[in-house]
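Reading the structure
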Amino acid sequence: MKPIKILFFLLLAFSSILVFAQKKTKNALKATPCINVLSLFTAANVPAMASEEEFAPLINSTEETPANLPGNGLAQHPMLYIGENCNRMSLINDGKVIWTYATGKGPEYDDVWMLSNGNILFSRMKYLAEITPDKKVIWRYDLNTKDGMDHTETHACQPIGLDRIMFVVNGLPPKLVIINIKTGKVEVQHELPYKNPQDPSGIHGQFRRARVTAQGTYLVSFLNMDQVVEYDKDFKEIWKYTIPSPWAAIRLKNGNTLINDEKDWLTREVNAKGETVWEFNCKTDLPAQYQLKAAPQTCTRLANGNTIFTSRGQKGNGPQLIEVTPDKKVVWVLHDWKDIGDATAVQILDDPGMPEIPGQSEH
């Protein structure tokens, strides 16, 4: 065999090995706890509509998706997606909605988690629930929806392991609760500070987000008291940051705290000293062609350092998700009212970490 032919076959073999290695690496990068259970949602036993579901339409929109938006549309990230004005939860993979869960009329989805076993925990204002991929309700906690001094609601929840759930009850008084869903035992129940003790109209605006940190502390966003407070396990205040209308706050893996100021359309990252280390204002930092129609309520920090902002839009208008780099470059704009509703919270499923271990999912 001539040397040139030998060289040709060697190059061909090397190219095949390289392509295989690239595919293997790509697949390995995708193998996260949530990605590993996505097949459960498209299995033969999953109903299109379970008996516990109630039909919920998408938001009626006549707005066309603008052309040439940054990123890859719905294919940018596999994600679990909810909005407070659309009661149809969506699971998205490979650019398609592969699973939904509808909860009928009335407000409102606010918080959502996919666990490593595929179960989904969510808050629906008047109740909390955990469901399986085949849409069986394995746990539910109902609030008192009647008007008056005894009215309660919930907007924040978080899994702690596979058996325990932390949530906040808005009410008079509001409470942070941890319950073991296997035993039914309430393991933690502590009253939180609040204002207007005789006015039930303020209950709705008390809290939207609370998180248990990797250190076992409680990070609580006081929406109508303009502060984010961290408590130790005995509910002693150990850190505080004052900011208008903090809809959400998450403790990042670097030790900083990322806060959404809904009033000013601002997301700010601060260190333990309260110093600003990064911030993004969706009114002034977004190019005109990508402007949101409603202030971002929550955000997600990705493993690559990028940040995703959610938006409810305005009656089916405007972008729903924006992703920016640390240097504020816009790399993704999701503007799709035909396939999904508005955005209040999103969990990116190919991000590493066990969601039910506090601190490992930065959403």
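Residues numbered from 1 in each chain as written. Predicted model: local features only at pLDDT ≥ 70, side-chain atom pairs only at ≥ 80, totals over all residues. Heavy atoms only, no water.

Topic: the overall build of the protein chain
Cut-off, in case you're wondering: Note on conventions: DSSP H or I runs of at least 4 residues are helices, E runs of at least 2 residues are strands, and numbering of each starts at the N terminus. Taken over C-alpha atoms, the radius of gyration is set against a globule rule of 2.2 Å times the number of residues to the power 0.38. With a 1.4 Å probe rolled over the protein chains alone, any residue whose accessible area is under 20% of its type maximum counts as buried; one over 50% counts as exposed, and the rest are partly exposed.
Within the protein chain one finds 1 helix and 24 strands. The C-alpha atoms of the protein chain give a radius of gyration of 22 Å, which matches the 21 Å a tight globule of 363 residues would have. Judged by the C-alpha coordinates and their principal axes, the protein chain covers about 95 × 50 × 45 Å. Here the protein chain holds 363 residues, and 53% of them are scored as buried.

Let's talk about the sheet that holds strand β20 (residues 299–301)
Basically, it comes down to this: What makes two strands pair is DSSP finding at least two bridges between them. With axes taken as lines fitted to C-alpha atoms, and helix axes fitted only over the stretch in contact, angles between N-to-C directions fall between 0 and 180 degrees.
The strand order β20-β21-β22-β23 describes an open sheet built from 4 strands, whose pairing is antiparallel. Sheet topology places β20 and β23 (330–334) at the edges, where each strand pairs with a single neighbour. Recorded for the sheet is a direction-independent mean angle of 15 degrees between the axes of neighbouring strands. Two elements, strand β21 (residues 307–310) and strand β22 (residues 321–324), share 4 bridges in a ladder whose sense is antiparallel. When the sheet's bridge partners are listed, Ile308 is paired in β22 with Glu323.

Overview of the side chain of Asp110
Condition: Counted as positive: Lys and Arg. Counted as negative: Asp and Glu, with His and the chain ends omitted from the count. One side-chain nitrogen of Lys or Arg within 4 Å of one carboxyl oxygen of Asp or Glu is enough to make a salt bridge.
Structurally, the position occupied by Asp110 is in the loop between β3 (96–102) and β4 (112–114). We note that Asp110 is buried and unpaired, the nearest opposite charge coming from Arg208 at a distance of 4.5 Å.

Observations regarding the sheet that holds β4
Strands sit in the order β4-β5-β6-β7 across an open sheet of 4 strands; the sheet is antiparallel. Of all the strands in the sheet, just β4 and β7 (137–142) have a single pairing partner and so form its edges. This sheet shows a mean twist of 5 degrees between the axes of neighbouring strands, independent of strand direction.

A word on the nonpolar core
Worth spelling out the cut-off: In this description, a nonpolar core means a group of buried Ala, Val, Leu, Ile, Met, Phe, Trp, Tyr and Cys residues linked to one another through side-chain atoms lying within 4.5 Å. Between two residues, a contact is recorded if the distance between any of their heavy atoms is within 4.5 Å.
Core analysis: the biggest nonpolar cluster contains 21 residues, and Met89, Trp99, Met114, Ile120 and Phe122 have the highest contact counts within it. Those elements giving two or more residues to this core turn out to be β1 (79–83), β2 (86–93), β3, β4, β5 (120–123) and β6 (127–131). Sort the elements by how many residues they give to this core and β6 lands first, with 3 residues. Met114 has contacts with Cys34, Val37, Leu38, Phe41, Leu80, Leu91, Asn119, Ile120, Gln347, Leu349 and Pro355, leaving out every residue within four places of it along the chain. In this structure, Ile250, Leu252, Leu292 and Ile322 belong to the second largest nonpolar core, which totals 18 residues.

All we've got here are geometric facts, nothing functional implied.
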